[in-house]
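# Residue-level structural notes
Listed below, chain by chain, are the residues.
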Amino acid sequence: MRRRPQTSSSSPPQQPQPTETPSVTTPCLPQRPHRSPFVCLTLFAVLIYSSYGVYHYQFESLPVPLTADQAGKRGFSEFSARKHVRALTELGPHPVGSDAITLALQYVLSEVEEIKKTAHWEVEVEVDEFVAKTGANQMVSGLFKGKTLVYSDLSHIVVRVSPKYAADSVDNAVLVSSHIDTVFSTGGAGDCSSCVAVMLELARGVSQWAHGFKHAVIFLFNTGEEEGLSGAHSFITQHPWRKTIRLAIDLEAMGIGGKSGIFQAGPLPWAIENYAAAAKYPSGHIIGQDIFSSGAIKSATDFQVYKELAGLSGLDFAYTENGAVYHTKNDKFELLQLGSLQHLGENMLAFLLRVAASSYLPKANVMQEEDKTGLSAAIYFDILGWYMIVYRQRFARMLYNSVIAQSLLIWTTSLLMGGYPAAVSLVLSCLSVILMWTFALSFSVIVAFIIPLISSSPVPYIANPWLVVGLFAAPALLGALTGQYLGYLVLHKYLANTYSKKKQLSPAIRTDLVKLEAERWLYKAGSIQWLILLSLGTYYRIGSSYLALAWLVPPAFAYGFLEATLSPARSPKPLKLATLLIGLAIPVILSAGVFIRLAGTIIGGMVRFDRNPGGTPDWLGNVILAVFVATVMCLTLVYLLSYIHLSGAKRLIILSTCAMFGLSLALVLSGTVPAFTNDTSRAVNVVHVVDTTRSIEDPRSYVSLFSLTPGKLTKEVEQIKEGFRCGRDQVFDFVTFTVKYGCWTEDDSDSGWSEADIPVMHVQSDTQGIERTTEVIIDTKGSIRWALAINTNEIRDYAFTDAGNSEELVSVGDKSNADGWHVIQFAGGNNSPRTFGLTLFWTKSSTLKADGKRDGQAPLLKLRTDMDIVTPKVERVLSKLPTWCSLFGKSTSPYTLAFLSSLPVDF
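Below: a short report on this structure. (Residues numbered from 1 in each chain as written. Predicted model: local features only at pLDDT ≥ 70, side-chain atom pairs only at ≥ 80, totals over all residues. Heavy atoms only, no water.)

## With respect to unusual backbone geometry
Peptide bonds are, in most cases, trans, and in most cases residues other than glycine have a negative phi. Applied cut-off: Helix and strand definitions follow DSSP, with helices as H or I runs of at least four residues and strands as E runs of at least two, each counted in order from the N terminus.
The omega angle of the peptide bond from Asp 191 to Cys 192 is -5°, so this bond is cis rather than trans. As for its placement among the helices and strands, Cys 192 is situated in helix H5 (residues 189–206). For the peptide bond that leads from Gly 266 to Pro 267, omega is 5°, which places it in the cis range. By the element assignment, Pro 267 lies in the loop between strand S8 (260–266) and helix H7 (270–278). With a phi angle near 65°, Thr 736 is a residue other than glycine that sits in the positive phi range.

Printed below as a string of structure tokens:
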């Protein structure tokens, strides 16, 4: 039956059906990309405060010093050690060959004799006054490349502490070494009376524990370290106990006080692993070892001798606080911080008790195959000075390679899912990093060039290192922000074009999404630079690559945990504040203190930056510091800067940065903040020179004033007023130590020295057969410290003897050279020989020109002899020397009276 259709009156009207449209997935709309300027400024403040807090806790937080009663017989007392420091510094400068070094040796000897009397009844304390005979140390690399270091009559105090009833203990010993001698310019409270004092207190404490030892502990108080590591060399080659040593510990100072940290360890990792397990306040970073071994720091310690010559593993400690006082008058007792000696003493005592009681000690000159590859080398760093992490290079390679592989896998997956737009965005975000580096380096380096032109001193920040924040860090921050923002604009333009194809989005939403997407790409670009650094560090086995790992993994983890998604439908959101805080916490804790300490070390090194005065431009030191500061800013702020482009903080940051730079520059230009003070001095040398290189019958006498600190000597000469003339028109060669800019005067320079002290170089014979051989007799007269340079363009080899007893000191063999010269450097005690024989073997190639004359004016031999004498003219100059100046001593530096002689090629 057919149903009748319902009429309109009986049925409701039908609703119109909507038109069917394709389904569109609407993305989750983001919040407006606006961020409070207050949040960004707070982030910067938190970062700065946290960085300084990490530095303070890691390097400036020192233990409470203990009195003798508090420490007890078996503990370490800083107050007892400080008495030794005071006693040694009161002797004044005590270099090798001086009367003061004899008094210093007598003091140490009397103290160790007292330790011997009070030692535990089951402990044997042996004391040896060792006088080293003449010897020679040749090194082919490092600071002493091209030199042979000859010594004689060096006195040492050697103490061996061992259990009486363990006869085999003396066959395996741990060496603890430091030097008593100082340079001629300082009493050496830091370098290294502090080390000697710690050793004396350690010897006292160890003498109460040693009855339970399985190995002996030898304390070496040597002399001659400041003259080319001669003390360590003489001991390790001549002393009868040398063959029993299995582990070497060296204590040094490149500043005064603070925490003494490890800056060299190895080559075997056993020592650093045991130190990390035993030390109460462990301190040490392999980044210092990387820098030191690279040659960037032109210095060396006794540890180099123990490691390279004796094949020993061990540890090298150094004080680095206030490095500007190094080898100047300001290395004084009053600047030694309380807690410094306690820190090193407690760490060393705990370490010695552990290793001396151990059933195992590494053997010298025994390296397993895996050690030869370097895979067993230790990577070490401390966390805030309370815990030390140590792992081996083999594990590091596995860990780093795993992180690199996972990072590449994540990036590959992300790019495959994102397609072409993601690849272009990655390239453009990396461009922002490149621009950030370019502008940061440019801005800071430009300032480095400008400062010497407008300031009275090219290095106006030495006495006040905080000026570096305004002078270099502020321009670097401004440059980094500018560069990254330009990269942000380029990336923003590309993303805007890409998002413009998404017609379903409103223009306002599209604009917001573009900003947020650009911000996230800038953040991710930061991980790219650290991934590159980690890859390079892993390939070249750089120990400090752990810093790249720390700056790569936590920020990437924070981003992945809080931000990342593989869903293409999810729209970008504002970068979370929690992502930054979580991502940056670990990197800041691990690296902020180290970066600040490195900056301080560079600043302190500016005092002695110009190793050949006038040989380097005044701006060079500033450029090095500026590049370091800008590099640190780019590496550490890459994540944080990406966060501020969506806020109104850019203007405030720029204004604050410019204000900081302007204020710092104003303080420098006005002289309100002096470049040097009484406690942070400019390094200068005042030398009375008697020069016979032109004529031995008519010697030229003058007083030379020069400085290893960059800058002219205008102010100093104006205050001294002794007829000095300054310039670069006369180059003075103090035997490969060349002064290219200095001041000199010949006024009143004929008194205070004797012609009888002028050294003599006499050609005894000259044989021209198949091979030309020349015999030269050298008489240094009264000098026991001298330097002789041999022209290696003319001489292929030589032999060197003590003419008094015909003892051969340096035999014929391969010798290194530097810039065409090989230098014999001599220093010794008062009983050292003064007359030497030199046999020269000439090269076969001739330097004669067609007219029969020699090509060039370089002499065959150059000689400088030093006398520890202050002439009347020098005494007047020293009395008028500004208080912000200090004499500077080094093994290559001449004393206050020097004689220059030479032997021409055509003698």
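Having seen the structure, we can now continue with the description.
## Observations regarding the sheet that holds strand S22 (residues 807–810)
Picture the strands of a sheet paired through backbone hydrogen bonds; they go either parallel or antiparallel. For clarity, the cut-off: Two strands are counted as paired when DSSP detects at least two bridges linking them. Axis angles are defined between N-to-C directions and span 0 to 180 degrees, where every axis is a line fitted to C-alpha atoms and, for a helix, only to the segment in contact.
Judged by pairing direction, the sheet is antiparallel, and its 5 strands sit side by side in the order S18-S19-S24-S21-S22 without closing on themselves. Of all the strands in the sheet, just strand S18 (760–768) and S22 have a single pairing partner and so form its edges. Mean inter-strand twist for the sheet, computed between neighbouring axes without regard to direction, equals 25°. The sheet contact formed by strand S19 (residues 772–779) and strand S24 (residues 835–842) spans 7 bridges and is antiparallel. Looking across to S24, one finds that Val 776 is bridged to Leu 838.

## A short note on the nonpolar core
Applied cut-off: What we call a nonpolar core is a set of buried Ala, Val, Leu, Ile, Met, Phe, Trp, Tyr and Cys residues that are connected through their side-chain atoms within 4.5 Å. Each residue is placed in one exposure class: buried if its accessible area under a 1.4 Å probe, protein chains only, is under 20% of its type's maximum, exposed if it is over 50%, and partly exposed if it falls in between. By definition, residues are in contact when any of their heavy atoms lie within 4.5 Å.
Core analysis: the largest hydrophobic core is formed by 169 residues, its most contacted members being Phe 219, Phe 221, Tyr 461 and Phe 472. Sort the elements by how many residues they give to this core and helix H17 (residues 620–641) lands first, with 15 residues. Residues contacting Phe 472, with those up to four places away along its chain left out, are Ser 444, Val 447, Ala 448, Ile 451, Tyr 461, Asn 622, Leu 625, Ala 626 and Val 629. Counting residues in each nonpolar core, the second largest holds 26 residues, with Leu 149, Ala 173, Ile 218 and Leu 229 among its members.

## Description of helix H4 (residues 99–118)
Quick reminder of the rule: Multiplying 1.5 Å by the residue count of a helix minus one yields the expected span of that helix.
Taking 1.5 Å of rise per residue, 20 residues should cover 28 Å, and H4 covers 30 Å from first to last C-alpha, within 8% of that figure. Every buried residue of H4 is listed here: Ala 100, Ile 101, Ala 104, Leu 105, Val 108, Leu 109, Val 112 and Ile 115. Of the surrounding elements, those touching the buried residues of H4 are helix H3 (78–89), strand S1 (123–132), strand S4 (154–163), H5 and strand S6 (216–222).

## Examining the state of the cysteines
Note the threshold: We call a pair of cysteine sulfur atoms a disulfide when they lie within 2.5 Å.
A complete count under the given rule lists 2 disulfides for this structure. A disulfide bridge connects Cys 192 with Cys 195, and the sulfur atoms are separated by 1.9 Å. A torsion of -50° about the S-S bond marks the disulfide between Cys 192 and Cys 195 as left-handed. Here Cys 192 pairs with Cys 195, and both are found in helix H5, just 3 residues apart, close to one helical turn.

## Concerning H3
With 12 residues, H3 should reach 16 Å at 1.5 Å per residue; the first-to-last C-alpha distance of 16 Å fits that figure. Buried residues of H3: Glu 78, Ser 80, Ala 81, Arg 82, His 84, Val 85, Leu 88 and Thr 89, and no others. In this structure, the buried residues of H3 make contact with helix H2 (68–71), H4, H5 and helix H10 (340–356).

## Focus on the pairing of strand S3 (residues 147–152)
S3 sits mainly inside the fold: 6 of its 6 residues count as buried. Covered by surrounding structure in S3 are Lys 147, Leu 149 and Tyr 151 together with Thr 148, Val 150 and Ser 152, the residues of both alternating faces. Alignment of strand S2 (residues 135–139) against S3, held across 5 bridges, turns out to be antiparallel. Counted as the bridge partner of Met 139 is Lys 147 from S3. Note that S3 and strand S23 (residues 821–828) share 6 bridges and pair parallel. Among the inter-strand pairings, Ser 152 is bridged to a residue of S23, identified as Gly 828.

## Describing the environment of Leu 705
With respect to the element layout, Leu 705 can be found in strand S13 (residues 700–707). In this structure, the C-alpha to C-alpha distance between Leu 705 and His 688, residues 17 residues apart in sequence, is 9.0 Å. Beyond its immediate chain neighbours, meaning those up to four positions away, Leu 705 contacts Val 684, Asn 685, Val 686, Leu 713, Val 717, Ile 720, Phe 724, Gly 742 and Cys 743.

## Regarding a nonpolar patch on the surface
Rule in force here: Only residues above 30% relative accessible area that lack a salt bridge enter a patch, with like-charged residues linked at up to 9 Å and the nonpolar side chains Val, Leu, Ile, Met, Phe, Trp and Tyr linked at up to 5 Å. Here the Shrake-Rupley method, with its probe set to 1.4 Å, supplies the accessible areas, and only the displayed protein chains count as covering residues. Salt bridges are defined by distance alone: a side-chain nitrogen of Lys or Arg within 4 Å of a carboxyl oxygen of Asp or Glu.
A contiguous nonpolar surface patch, about 640 Å² in accessible area, is contributed by Ile 532, Leu 533, Leu 536, Tyr 539, Tyr 540 and Ile 542. You can see Leu 533 is positioned in helix H14 (residues 507–539). For Leu 533, a relative accessible area of 34% translates into the label partly exposed.

## Points about the sheet that holds strand S5 (residues 173–179)
Overall, mixed pairing links the 7 strands, which are arranged S1-S4-S6-S5-S7-S9-S8 in an open sheet. Where the open sheet ends on each side, the last strands, each with one partner, are S1 and S8. The mean angle between the axes of side-by-side strands here comes to 20°, regardless of whether they run parallel or antiparallel. In the packing of H5 onto the sheet, the strands contacted are S4, S5, S6, strand S7 (245–253) and strand S9 (313–319), and the crossing angle to S7 comes to about 135°. Of the strands in this sheet, S7, S8 and S9 touch H7, which is tilted by about 55° from S9.

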